[in-house]
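# Notes for the structure review
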Number of protein chains: 2
Amino acid sequence: MSPTEPRSYCPINLSLEIFGDAWTLLVLRDLMFSGKRHFRELLQSDERISSNILADRLARLVEHGLLTRSGDPTHRQKAIYSLTEKAIQLLPVVVQIGAWGSRWVPDARKLDAAARRFVRQLQEGGPRLWARRMDELRAVHLR
Amino acid sequence: MSPTEPRSYCPINLSLEIFGDAWTLLVLRDLMFSGKRHFRELLQSDERISSNILADRLARLVEHGLLTRSGDPTHRQKAIYSLTEKAIQLLPVVVQIGAWGSRWVPDARKLDAAARRFVRQLQEGGPRLWARRMDELRAVHLR
DNA sequence: CCCAAGCGGTTGTAAAATGCAAGCAGTCAC
DNA sequence: GTGACTGCTTGCATTTTACAACCGCTTGGG
């Protein structure tokens, strides 16, 4: 609610105060790569986030200007969450966190084949592919 | 202690289960950029981490293979923490998290001039400079 | 018009993580 | 031997998380 004093003004710390927790980046991941836009869609992640945490994280992300919340014309009480440019700029970070995990965390080998292909493509594509995806997100989420 | 089942096998999630919290990446930041190697040095961060949390994070990082802990020849009970290759490979992620914060979090303007110069150099240097820093870290921390 | 299904959340409560301050045994230089 | 320094540990209050149930409103189908 009230803007609280940051622990320090180090840019790394300032970033982590926004998304340095277990759930926030997973929510952004789903918005970026799974085309999810609604509360109940986001609730269906593999990691089984609980609804109160999701509600809290969405509110924080809106508060920090990474998401906007708007109404769905087709359903009066349906909310649509949209990424802002500020959030879209985090895509390379999210991708590289995934790349690191895929390379260095042994459990990543247990990922199913389809997901693995997806991850590999995203990395072989490199920054140019990320930029393309960012443009796609802009087209869908901004304006 | 006992390896617990991950919430999912998504590489992003696997990464976040290692460093997806408020403190872990700050500890790595200090090891990577401030030349800190000892417990009490790491305790002196701007963010005022408390000693029990620091002890816990160091233990986890060792457990996950991002750090090794060894004795200091000059002082029998002095511990030296060293980055592993697995951790050094996280440097680009750490740098880019800082770059994002520096660009998108308004409070980053309050950073002092010296630190700001450091941040700007690190970004203008780009991947080549990061690679150089990674090599320096390898020289100091490995073998 | 009614009702089941879908919508974005809230609420209550227990368990876990965090933050804070103090303390502790071993080591070292003098 | 003593005073400063080492890497932690302990106890306790506060905060955050996790889990499950529930809620009022909206919508489409019959």
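Here the structure is shown first, and the text comes after it.
Because the structure is predicted, anything quoted here is derived from the model rather than measured.

This paragraph deals with the interface of chain A and chain B. At the junction of the two partners, chain A supplies 44 residues and chain B supplies 44 residues. For the pair chain A and chain B, the summed buried area comes to about 4000 Å², and 73% of that belongs to carbon and sulfur atoms. Applying the counting rule to chain A against chain B returns zero salt bridges. Only α1 (11–19), α2 (24–33), α5 (85–88) and α6 (91–104) of chain A provide two or more residues apiece to the side of chain A that touches chain B.

Look at the two chain copies: a rotation about an axis and a shift along it is all it takes to match them. Overlaying chain A with chain B gives an RMSD of 0.0 Å, the required rotation being 180° about an axis along which the chain moves by 0.0 Å. Both chain copies can therefore be described as sitting about a two-fold axis. Proximity to the rotation axis, assessed at the C-alpha, singles out Asp21(A) in chain A; its C-alpha lies 2.2 Å from the axis. The residues that chain A uses at the interface reappear at the interface of chain B in 100% of cases, marking a shared surface.

Residue and element names in this part refer to chain B. Tracing the sequence through the fold places His141 in helix α7 (residues 113–141). A polar side-chain atom of His141 sits 2.8 Å from the main-chain amide nitrogen of Leu83. If near-sequence neighbours (up to four positions away) are discounted, His141 is found in contact with Leu31, Arg37, Tyr81, Ser82 and Leu83.

Turning our attention to the protein's contact with DNA strand D. Around DNA strand D, the structure places 19 residues, and the nearest of them are Arg76(A), Gln77(A), Arg40(B), Ser51(B) and Tyr81(B). Here DNA strand D approaches the protein such that, of its atoms within 4 Å, sugar and phosphate make up 55%. One of the side-chain N or O atoms of Arg57(A) is found 2.9 Å from a phosphate oxygen in DNA strand D. Between a base oxygen of DNA strand D and a side-chain N or O atom of Gln77(B), the distance comes to 2.8 Å. Those elements that place two or more of their residues in the surface near DNA strand D are α4 (51–63) and β2 (75–83) of chain A together with α3 (39–42), α4 (51–63) and β2 (75–83) of chain B. The residue makeup of the surface near DNA strand D, split by class, is six nonpolar, eight polar and five charged.

Note that soluble globular proteins tend to have their nonpolar side chains buried in a common cluster. Core analysis: the largest hydrophobic core is formed by 81 residues, its most contacted members being Leu28(A), Leu83(A), Leu28(B) and Leu83(B). When residues no more than four places from it in sequence are discounted, the contact partners of Leu28(B) are Leu61(B), Leu66(B), Leu67(B), Leu83(B), Ala87(B) and Leu90(B).

Residues and elements named next belong to chain A. Note on placement: Leu67 falls in strand β1 (residues 67–72). Between the C-alpha atom of Leu67 and that of Ser15, which follows or precedes it by 52 residues, the distance is 15 Å. If we skip the residues at most four places from it in the chain, Leu67 touches Leu28, Leu31, Leu58, Leu61, Val62, Tyr81, Ser82, Leu83 and Thr84.

What follows is about the side chain of Ser82(A). All names here are of chain A. Locating Ser82 in the fold gives a position in strand β2. Here Ser82 falls in the buried class, since its relative accessible area comes to 7%. Aside from chain neighbours lying at most four places away, what touches Ser82 is Arg37, Leu66, Leu67, Thr68 and His141.

With that settled, consider the pairing of strand β1 (residues 67–72) of chain B. Residues and elements named next belong to chain B. Bridge analysis of β1 against β2 gives six bridges, and the strand direction is antiparallel. Within β2, the residue paired with Leu67 across the bridge is Leu83. In this antiparallel pair of consecutive strands, β1 and β2, the connection spans two residues.

So, about helix α6 (residues 91–104) of chain B. Its 14 residues place the ends of α6(B) 20 Å apart at the C-alpha level, agreeing with the 20 Å of an ideal helix rising 1.5 Å per residue. Counting buried residues along α6(B), 11 of its 14 residues qualify, which places the element largely inside the surrounding structure. Along α6(B), the residues classified as buried are Leu91(B), Pro92(B), Val93(B), Val94(B), Val95(B), Gln96(B), Ile97(B), Gly98(B), Ala99(B), Trp100(B) and Gly101(B). The inward-facing, buried residues of α6(B) abut α1, α5 and α6 of chain A together with α2 (24–33), α5 (85–88) and α7 of chain B.

Quick look at the environment of Glu136(B) now. Residues and elements named next belong to chain B. Mapping Glu136 onto the fold places it in helix α7. By relative accessible area, Glu136 is classed as partly exposed at 38%. Separated by 104 residues in sequence, Glu136 and Met32 have C-alpha atoms that sit 9.8 Å apart.

Residues and elements named next belong to chain A. With the rule as written, the count across this model stands at 24 salt bridges over all chains. Across the pair Arg29 and Glu47 runs a salt bridge, and its minimum N-O distance is 2.8 Å. Here the residue Arg29 occupies a position in helix α2, and Glu47 occupies one in the loop between α3 (39–42) and α4, the gap between them amounting to 18 residues. Arg29 sits in the buried class, given a relative accessible area of 8%. Since its relative accessible area comes to 4%, Glu47 is described here as buried. Here Asp56 makes a salt bridge to Arg60, at a shortest N to O gap of 2.9 Å. Within this pair, Asp56 and its partner Arg60 are both found in helix α4, separated by four residues, close to a single helical turn.

About the criteria used
Residues numbered from 1 in each chain as written. Chains lettered and ligands numbered in written order. Predicted model: local features only at pLDDT ≥ 70, side-chain atom pairs only at ≥ 80, totals over all residues. Heavy atoms only, no water. Contact = heavy atoms within 4.5 Å. Buried area = accessible area lost by both parts, 1.4 Å probe. Salt bridge = Lys/Arg side-chain N within 4 Å of Asp/Glu carboxyl O. Helix = DSSP H or I, 4+ residues; strand = E, 2+ residues; numbered from the N terminus. Least-squares fit on C-alpha atoms with pLDDT ≥ 70 in both. Polar contact = N/O pair within 3.5 Å; in protein donor to acceptor, adjacent residues only side chain to side chain. Near = heavy atom within 4 Å. Nonpolar A, V, L, I, M, F, W, Y, C, P; charged D, E, K, R; others polar. Core = buried A, V, L, I, M, F, W, Y, C linked by side-chain atoms within 4.5 Å. Buried < 20%, exposed > 50% of the residue type's maximum accessible area, 1.4 Å probe, protein only. Pairing = 2+ DSSP bridges. Expected span 1.5 Å × (residues − 1).

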